[in-house]
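If you want the building blocks of each chain, they are given just below.
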Amino acid sequence: GERLDFRASKQRLLVVANRLPVSAVRHGEDSWQLEMSVGGLVTALLGVKEFDTRWIGWAGVNVPDEIGQKALAKALDEKLMQRCIPVFLDEEVVHQYYNGYCNNILWPLFHYIGLPQEDRLATTRSFQSQFDAYKKANQLFADVVNEHYEEGDVVWCHDYHLMFLPKCLKERNSKMKVGWFLHTPFPSSEIHRMLPSRLELLRSVLAADLVGFHTYDYARHFVSACTRILGLEGTPEGVEDQGKLTRIAAFPVGIDSERFIKALELPEVQDHMKVLKQRFAGRKVMLGVDRLDMIKGIPQKILAFEKFLEENPNWCNKVVLLQIAVPTRTDVPEYQKLTSQVHEIVGRINGRFGSLTAVPIHHLDRSLDFHELCALYAVTDVALVTSLRDGMNLVSYEYVACQESKKGVLILSEFAGAAQSLGAGAILVNPWNVTEVASSIGYALNMPADEREKRHHHNFKHVISHTAQEWAATFVSELNVTIVEAQLRTRQ
Ligand code: ADP
Ligand code: F6P
């Protein structure tokens, strides 16, 4: 039938995500510094401009007293175009909900790493209390949504942190339009069924009107989990439970490509580019930009680079790998282990292949500001994305957006959602196969200009036409249509 288009009017949109686009860091009593948050979700949602948006999320800091909470809420409200509304979680909840259930259980499971193996019994014992904290945190998010909700608003819940939220919201107000989108992969139902809380989470997500994923595969996995684990009926539209249809579909995210392309013209970005070009003159530069996360395959990437150097000694002084890895979730033990593992490998390789004047790997444990990042994307010859699993991977999109003049090569893991959209232009690799990645590095460094141009052109076309704006507009429009259709069905 005819598609209804709700894009013309500025609709009020309540975005609910664990993280706000800025996170507060305490600087003395009742004074905070607001820092930009890092991650694909923030990057995508900051690109969304055509709605009248309120963004509800965790303040990122523990503020126990009400006066402090009010002061921080005011500072957040004034900070950005999209108005930010903080949810306050106390330390114990953060520990059990964010460090525990979200990032020690759901995150590794959804990325096929499995449930924590060490000290199995302790994990099993703490599981229930972490899940309770997860539900409690989701209820707190629901409280804040309710407080700010106005009739007609669209509520868009995001990510694995808030799988319990659609149910909480619908229980309080069944008329609320609720969408839920997952920024990570949704795993095979055989993996999902390992979760002790598998039923509750699926049922809660199904309370939403529209459920979205980055790829068809993730959507299909979710539908199979509902049919196999809950015994519900899957339809081409989604999943049906006692006459209620939950629509399930793929909405691949993108970036605000124009923001990157325009930034390259700025004098400060041009200055950074000049400095970088001088610094690495005479050498090819390979780039990795990741949160320091086990899913990003950083050790595998560095080991592949080592193998390349081992097999191609003539390249040793002619190529450098810049790995910019911003620390993330540093209170979770797995992440602490990863940091020391990466440092150890980098140290060993630099010791082995470095000289008095140059080292093959520059590894930074920090985030770069937007201008530095754009400059790096623009001047480097090859980007290496070796995720072991990754919902989409927007770093690959950002690299392509900044490469119009240089036409650099993207080496991309086939386990990133982006492999499905940038696969034709990138060199796809299995990051577990170090030999394959090493030879792809050689192939990329030696690629003739015409092949680089062709590959880049293919990807660039995709990146500029599948933007974050388009992603959000399509999701919200689909959510509106779904609700109108459901109303028509119940009237029949
Ligand atoms: P994820 O959501 O898992 O972090 P994505 O690749 O989709 O992965 O998104 C990462 C986002 O975070 C990108 O917008 C990227 O620019 C930003 N980012 C990641 N690492 C850094 C870093 N070291 N410095 C600055 N920005 C970073
Ligand atoms: O999709 C990846 C993601 O989980 C996003 O939800 C989030 O923006 C990002 O990782 C950063 O993680 P955190 O909020 O835990 O720092």
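Every chain is numbered independently, its residues counted from 1 as its sequence is written. Think of it this way: whatever chain is written first is A, whatever ligand is written first is 1, and the rest follow in order. For a predicted model such as this one, the threshold for reporting local features is a pLDDT of at least 70, and the threshold for listing and counting side-chain atom pairs is 80 or more; totals across whole chains, interfaces and linings nevertheless cover every residue.

A. The packing of helix α11 (residues 298-311) against helix α16 (residues 434-445), seen in detail. Where α11 meets α16, the closest approach of the two axes is 8 Å, and the angle between their N-to-C directions is 65 degrees. You can see that α11 and α16 cross each other, and the crossing is right-handed. Packed against α11, whose contacting residues are Q300, L303, A304, F305, K307, F308 and E311, the element α16 presents V434, T435, V437, A438, I441 and G442 at the interface. Of the residues belonging to the contact of α11 with α16, the class tally is 8 nonpolar, 3 polar and 2 charged. Helix axes are fitted only over the stretch in contact, all axes being lines through C-alpha atoms; the angle between N-to-C directions runs from 0 to 180 degrees. Only DSSP runs of H or I with at least four residues qualify as helices, and only runs of E with at least two residues qualify as strands; both kinds are numbered from the N terminus onward. Here a crossing is called left-handed whenever its near helix is offset anticlockwise from the far helix by less than a right angle, and right-handed whenever the offset is clockwise. Our contact criterion uses C-beta atoms placed from the backbone: two residues qualify when those atoms are within 7 Å. The nonpolar class holds Ala, Val, Leu, Ile, Met, Phe, Trp, Tyr, Cys and Pro. Asp, Glu, Lys and Arg form the charged class, and all remaining residues, Gly among them, are polar.

B. Region of interest: helix α3 (residues 91-110). The end-to-end C-alpha distance of α3 is 25 Å, clearly below the 28 Å that 20 residues give at a rise of 1.5 Å each. At C102, α3 shows its maximal kink, close to 35 degrees. Phi for Y112, located one or two positions after α3, is positive at around 65 degrees. Between the first and last residue of a helix there are one fewer steps than residues, each counted as 1.5 Å, and that sum is the expected span. One fitted axis covers the seven residues ending at a residue, a second covers the seven starting there, and the bend at that residue is the angle between these axes.

C. Spotlight on the site of ligand 2. Near, for a residue, is defined by distance from a backbone-placed C-beta atom to a molecule or strand, with 6 Å as the limit that must not be exceeded. Neighbouring ligand 2 are R19, G39, G40, L41, V42, D159, H183, T184, R291, T328, R329 and G391. Ranked by residue count, the leading element in the shell around ligand 2 is helix α1 (residues 40-46), at 3 residues. Taken together, the residues of the shell around ligand 2 sort by class into 2 nonpolar, 6 polar and 4 charged.

D. Here's a closer look at the nonpolar core. One finds V16, V155, W156, F222 and I411 to be the most contacted residues of the largest nonpolar core, which totals 146 residues. Per-element accounting of this core gives the leading share, 9 residues, to α3. Filtering out sequence-adjacent residues up to four positions away, I411 remains in contact with V382, A383, L384, V385, A426, I427, V429, S440, I441 and A444. In plain words, the nonpolar core is the set of buried Ala, Val, Leu, Ile, Met, Phe, Trp, Tyr and Cys residues that C-beta atoms within 7 Å link up. Around each residue's C-beta, the other C-beta atoms within 10 Å are counted; 20 or more make the residue buried, 12 or fewer make it exposed, and counts in between make it partly exposed. All C-beta atoms are placed from the backbone.

E. Here's a closer look at the packing of α11 against helix α12 (residues 333-353). At a minimum axis separation of 10 Å, α11 and α12 run at an interaxial angle of 10 degrees. Between α11 and α12, the angle falls in the class roughly parallel. Where α11 approaches α12, its residues I298, P299, I302, L303, E306 and L309 are matched on the opposing element by Q341, V342, I345, V346, I349 and F353. By definition in this entry, angles of less than 35 degrees are roughly parallel, angles greater than 145 are roughly antiparallel, angles of 65 to 115 are roughly perpendicular, and the rest are oblique.

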